[in-house]
Structure formats: C-alpha cells, structure tokens
Amino acid sequence: MAVAPSSAAPDELYCGDNLAVLGHLLEHHRGRVDLIYLDPPFCSHAEYKRIIRLRTGEGPRVSFEHPQYSDHWSDADYLQFMYERLALCHALLSERGALFLHCDWHQSHRLRCLLDELFGADNFQNEIIWHYYNKFQGNVGRFAANHDSILFYAKSPGFHFERIRERREQPVRQIKRVWSPDKRAIVNAKGPDGKIDYVTATHKTIDDVWRVSMLQPADRREAVGYPTQKPEALLERILAAASEPGAVVLDPFMGSGTTGVVAAKLGRRFLGIDRSRSAMHVSLRRLLHAREAIAAGPSSPKYARLPSPQVSVTAPVAALMLRILLLCQAAIRMFSPLSSKIMLVG
C-alpha cells in the first residue's frame, strides 16, 4: 500500500541548476534528508534526446526528438562538477541517512575515490551491480557492458537499513542454516538424529547483484520516452531498504521522476531537482498520475506495507499545472491539491 506526504510536509520540485538549489536547501534541510539517490551524467560522451509523440487530430501520431543534455566532459571538469554536488549532499544527509550514486564504468572508479574522501572509506557499504539482462549489444570486441554500478555510502555507522526479501519464482529446498554461539558462525542445522535439516524457501534475501530488466520502448506501463529513465523496481529496492515511511528522499538529477513516483507509492516525502523544463513536465505528469492511482484504491508495491491515502486530483487542475510549467519563464511558487510545492528557479 502507499501513503502520500502530508500537507505539513509537501513534496518540492525545483527547476534550476542543482548546485544552486542544493545550496538553497541547506537553509532548511541541513542534516534532515534521509536518503539521496543521484543518477547524474555518466561522462559517456553522448548526446541524449527524448522521443516526443504528438497526436494531430484523428491522424497518426507524430514523433520527433528533443535534445535533453550533452554528456561530453574532460575528466577534471566532470570530477569537479560531481565533487561540488556530492559535498552538499553530504551536508544535507541526516546522521541516519544514506547516499546511492548511480554510475557506470566510465567514472565509477573515480567517483568512489571522491565518496571515500567525503564520507570516509569506512562508510562505504556496497557497490550494487544492476544487471540489465535484456539489453542486447552487437559484437563489440569485448565482453558486453550490461550493468551499471550504484555506490552505497552511509553518513555514519548508525544509518538506517532493512534487509529486503523477494519471492522466488519457484520454491527451493535448501539446507537450514542457524547461528552457532559456540563457533560464532552460521552453520548447518541438524535434527535430533544428527542429520542435516532442510527447509523449503519461498523467498530470498536480496544481495548486491540486482537482476532487473531495463525499460524497453515497447513498455507502455512505465516508459515515457526519456533517454535515461530508470525502472521503478530499481528505486523500490533502494527506498525500501534504506528509508522508512515519512522519510525525506532527495533526487538532485530528477530526470523522468522515477524516484518521486516510487517515493509517493512508499509514503516518503520527495525533493526533486532538474534544470530541464522538459524533465519537470514529465516528472510532474508522472507524479500526478501516481497520486491519482493511489487515490483510486489500494495498490500493492512489492516492498510496501502502508495503508492508502485519500488524495484526489482533477483533470483540469493537472492540465493547468502542466500548462504553467511549459509557459513559465520566471520563478514561481505553486501549491496543488496534492500538498506538493513546485518551485521553478530561473
């Protein structure tokens, strides 16, 4: 089930340079953010475009590409860009907070060095491997790169973390394992007859290799045509493991708004930043649809345990909000019936 943020603690969406916005957030959120997920540029030396599809009257849809951002950097410029933003993220995190930095082979080794310096090497928890098994590549003359890395750092040793489990496709018979106080280790359990005990396991604990499919263009449930959109299943695991209901979740590179959608479903408060007005448009639309779905009735996200809220949004209000986002050229502040605060900067 899912719970939406209360009116006393609205969601906040900021359109502008995240370096300036993160600095602004320090005034009211220093040491109060519980989880930060970043999906920044990867220094991939690529141009990213969003596919936009329009329907003209009764005719067929018209598609065109809209540039989103250029990902061309020198190593020095990229690392300076990331260091400045990661330092502010560290200041915003609560003592029980955690940061998840999404990256790939281009800069993961260097980004880990930055995070070791800012957070301390002892606060490194995991390098999560996201294996997207459904990405097909041609003959590239080496092993195909079909995974990303998510670097998981805690602000302090007292960070919040819950193990999460998922249902197996088929039950598995396996040896029962128990803790032995004498050996101070996990050992095979044995019955009164001295024989090893077996159990039928229907669930498994999620480890640091995540086999989650990437979104495909044919996906009509989640895919919105945004070039770097991540699947909700990926964010569900992160938020379920490292935050509690009511926690404050920040995404400084909001993009298509997946973090915000998952935060709404799992009852977390969301702070999102992106400099692209196209990203703001996509994110707000997805958030509105997610809240409408929550209000329509009970849902069952894989890792959620909360009751559904009573929230409603009318179609005219949603259309008006999107129109303002598209046309506004100056900073505005707007409060919606969702108790969401939307701020456009610059």
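Residues numbered from 1 in each chain as written. Predicted model: local features only at pLDDT ≥ 70, side-chain atom pairs only at ≥ 80, totals over all residues. Heavy atoms only, no water.

Q: How would you explain the pairing of strand S7 (residues 147-154) if you had to name every residue and give the values?
A: Buried residues dominate S7, accounting for 7 of its 8 residues. The pairing of strand S5 (residues 93-103) with S7 spans 6 bridges and is classified as antiparallel. The residue of S7 that forms the bridge with His102 is Ile150. Direction of pairing for strand S6 (residues 124-131) relative to S7: antiparallel, over a ladder of 7 bridges. Paired with Trp130 across the two strands is Asp148, which belongs to S7. (Buried < 20%, exposed > 50% of the residue type's maximum accessible area, 1.4 Å probe, protein only. Helix = DSSP H or I, 4+ residues; strand = E, 2+ residues; numbered from the N terminus. Pairing = 2+ DSSP bridges.)

Q: If you had to explain the pattern of salt bridges to someone new, which residues and values would you point to?
A: Under the criterion given, the structure shown has 13 salt bridges. Note that Glu12 and Arg269 form a salt bridge whose closest N and O atoms lie 2.8 Å from each other. Here Arg269 lies in strand S14 (residues 269-274) and Glu12 lies in strand S1 (residues 11-15), a separation of 257 residues in the sequence. Overall, the relative accessible area of 4% leaves Glu12 in the buried class. (Salt bridge = Lys/Arg side-chain N within 4 Å of Asp/Glu carboxyl O.)

Q: Any chance you could break down the nonpolar core for me, citing the residues and the numbers?
A: Judged by nonpolar contacts, the single largest core of 36 residues is most densely connected at Leu13, Leu35, Phe100, Trp210, Leu235, Ile238 and Leu239. Ranked by residues supplied to this core, first place goes to helix H4 (residues 232-242) with 7 residues. By size, the runner-up hydrophobic cluster in this structure holds 32 residues, among which are Cys43, Leu88, Leu111 and Val248. (Core = buried A, V, L, I, M, F, W, Y, C linked by side-chain atoms within 4.5 Å.)

Q: Tell me about the confidence of the model for the protein, residues and numbers included.
A: Per-chain confidence: the protein averages 82 in pLDDT, with 76% of residues scoring 70 or above. For residues 1-8, every residue scores under 50 in pLDDT, and the model assigns this stretch 36 contacts once sequence neighbours within four places are set aside. Note on residues 301-340: pLDDT is under 50 here. Beyond four places in sequence and across chains, it has 92 contacts. (pLDDT = per-residue confidence, 0-100. Contact = heavy atoms within 4.5 Å.)

Q: Lay out the side chain of Ser276 in plain terms, naming residues and giving numbers.
A: Among the structural elements, Ser276 can be located in the loop between S14 and helix H6 (277-296). On the basis of relative accessibility, which here comes to 16%, the residue Ser276 falls in the buried class.

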